[in-house]
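Each chain, written out:
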Amino acid sequence: MTENDRIAAIGVDVGGTFIKAGLLRADGAVVDKRSAATEVDGGVDHVIGRIAGLIGDLHQAAAAAGLEVRAVGLGMPGTLSRRRGVVIAPPNLRGWRNVPVVERLESLTGLRVVLDNDANLAALGEYRCGAGRGTRDMVMLTLGTGIGGGIILGGKLWHGAGENAGEFGHAIAQPGGRRCGCGQLGCLEAYASAASTAVRAAEMITGGQPSCLKDILDRGGLLEAHHVVEAASGGDALAQRVWAETCRYLAVGCINIQCALDPERIVLAGGMSAAGERLLQPVRKAIAELGSESLGARARVCIAELGNDAGFLGAAMAAFDEAGAGA
Ligand SMILES: [Zn+2]
């Protein structure tokens, strides 16, 4: 066994519902992985204790396998300061305000902890282990309730002066348009996120337009983006209009990314990317309709490969980078 074979890192991805964590060797092999419910209602100390517990379990697993953990990468949602190691205001972790999570976890685990935004780390995971393999520059759009993103340039995450680079969800796609959760009007997220797709469909149905999706609303159920995708595939005209509009705005986002950064790949990830070809083909078609052929955005758009594992994989990669080791 060489020195490099004994080095490991732990990656942790904290979401509003689940915490996922993995132990990786320097060559990228996953030695062990665990997950636990976040239990946000238990409060900040409780959640930090659960994160520390998962790290402790994986640290023990590493020792049993003869591996030395160099660092822990931690992906957290929402606004944070990577440099200060502080979580500032995550929308889906109630009660978390200015929590010095790095300091807390380092003292609980005795390991070095590196913090970054979850969408950034998921992008790093796809870049090293998934849809971005073999490229130099890649941009990822995470399409969930909101729209997050991550930029990799020359093999490294690009954070920007205020650590907000890659927040494409709040790039303006329609000046003066729908109000976004961030307060701006016309954000990409206000048109092309899963939440917006469901909301726009519901607005048209409650406005009196016919659709098979009306049944869900009549039963008092929650209309979701995947219902719109399925109804569109089944031939429902309203669902087809809404889904085409979502894909058209995503095409605008992709063309703008292409103009700004010219990456080799634009990866569509997150819950909505489960639609696969039903997402990719209409986005490509809209890029061809709206964009200049010479920019070449159409061929560069693709679907993510790693699903929910991208976050902890990327977190471990960031830990290796910080510790100066790894693939
Ligand atoms: Zn916004």
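Residues numbered from 1 in each chain as written. Predicted model: local features only at pLDDT ≥ 70, side-chain atom pairs only at ≥ 80, totals over all residues. Heavy atoms only, no water.

Here the focus is the overall build of the protein chain. Each helix and strand counted, the protein chain has 11 helices and 12 strands in total. Computed over C-alpha atoms, the radius of gyration of the protein chain comes to 20 Å, within 12% of the 20 Å expected from 2.2 N^0.38 for 327 residues, which places it in the range of a compact globule. Along the longest, intermediate and shortest principal axes, the C-alpha atoms of the protein chain span 65 × 45 × 35 Å. Burial status across the protein chain gives 51% buried among its 327 residues. In the protein chain, 61% of the contacts between residues at least 6 apart in sequence involve partners at least 24 apart. (Helix = DSSP H or I, 4+ residues; strand = E, 2+ residues; numbered from the N terminus. Rg over C-alpha atoms; globule rule 2.2 N^0.38 Å. Buried < 20%, exposed > 50% of the residue type's maximum accessible area, 1.4 Å probe, protein only. Contact = heavy atoms within 4.5 Å.)

Our focus in this paragraph is the coordination of the zinc ion. Taken together, the protein ligands of the zinc ion are His170 (ND1), Cys180 (SG), Cys182 (SG) and Cys187 (SG), with distances of 2.0 to 2.3 Å. Considering all four donor atoms around the zinc ion, the spread of angles at the metal, 105 to 123°, places the coordination shape in the tetrahedral class. Judged by its relative accessible area of 42%, cysteine 182 is partly exposed. (Donors = N, O, S within 2.8 Å, 3.2 Å for Na, K, Ca; no water. Tetrahedral: all angles 85-135°; square planar, octahedral: opposite > 155°, others 65-115°.)

It is worth spelling out unusual backbone geometry at this point. Located in the positive-phi region is glutamate 39, a residue other than glycine, with phi close to 55°. As for its position among the elements, glutamate 39 is in the loop between β3 (30-37) and α1 (44-64). Accessibility expressed as a relative area gives 39% for glutamate 39, which makes it partly exposed. Here the phi dihedral of glutamate 163 falls at roughly 65°; this positive angle occurs in a residue that is not glycine. Examined against the element boundaries, glutamate 163 turns out to sit in the loop between β10 (156-157) and α4 (189-192). Judged by relative accessible area, which is 16%, glutamate 163 ranks as buried.

Right, let's talk about the state of the cysteines for a bit. Tallying each qualifying case throughout the model produces zero disulfides. There is no disulfide at cysteine 247, and the cysteine sulfur nearest it, in cysteine 254, is 10 Å away. Taking the relative accessible area as the measure of exposure, cysteine 247 reaches 0% and is therefore buried. (Disulfide = S-S within 2.5 Å.)

What tends to happen in soluble globular proteins is that the nonpolar side chains get buried as a cluster. Core analysis: the largest hydrophobic core is formed by 49 residues, its most contacted members being Trp243, Leu268, Leu279 and Val283. Broken down by element, this core gets its largest block of residues, 11 residues, from helix α8 (residues 237-261). Grouped together as the second largest cluster of nonpolar side chains are 35 residues, Val12, Val14, Leu80 and Leu93 included. (Core = buried A, V, L, I, M, F, W, Y, C linked by side-chain atoms within 4.5 Å.)

Evaluation of the coordinates by the stated rule reveals one aromatic pair. Look at tyrosine 191 and tyrosine 249: their rings are 4.3 Å apart centre to centre, the planes differ by 25°, and that puts the pair in the stacked class. With a gap of 58 residues between them, tyrosine 191 in helix α4 and tyrosine 249 in helix α8 connect regions that are remote in the sequence. The pair tyrosine 191 / tyrosine 249 is uniform in exposure class, with both members buried. (Phe/Tyr/Trp six-rings, centres within 6.5 Å; stacked < 30°, edge-to-face > 60°.)

Here we come to the side chain of arginine 200. By secondary structure assignment, the location of arginine 200 is in helix α5 (residues 194-206). Within the structure, the side chain of arginine 200 is placed 2.6 Å from the backbone oxygen of tyrosine 191, a separation counted as a polar contact. Filtering out sequence-adjacent residues up to four positions away, arginine 200 remains in contact with Arg178, Tyr191, Val242, Glu245 and Thr246. (Polar contact = N/O pair within 3.5 Å; in protein donor to acceptor, adjacent residues only side chain to side chain.)

Another point: the pattern of salt bridges. Per the counting criterion, the structure on display carries 19 salt bridges. Its salt-bridge partner being arginine 70, residue glutamate 68 comes within 3.0 Å of it at the nearest N-O pair. Given a relative accessible area of 32%, glutamate 68 falls into the partly exposed group. Exposure remark for arginine 70: the relative accessible area of 29% places this residue in the partly exposed category. A salt bridge links glutamate 163 to arginine 83; its shortest N-O distance comes to 3.6 Å. With glutamate 163 in the loop between β10 and α4 and arginine 83 in the loop between β5 (79-81) and β6 (86-89), this residue pair connects regions lying 80 residues apart in the sequence. (Salt bridge = Lys/Arg side-chain N within 4 Å of Asp/Glu carboxyl O.)

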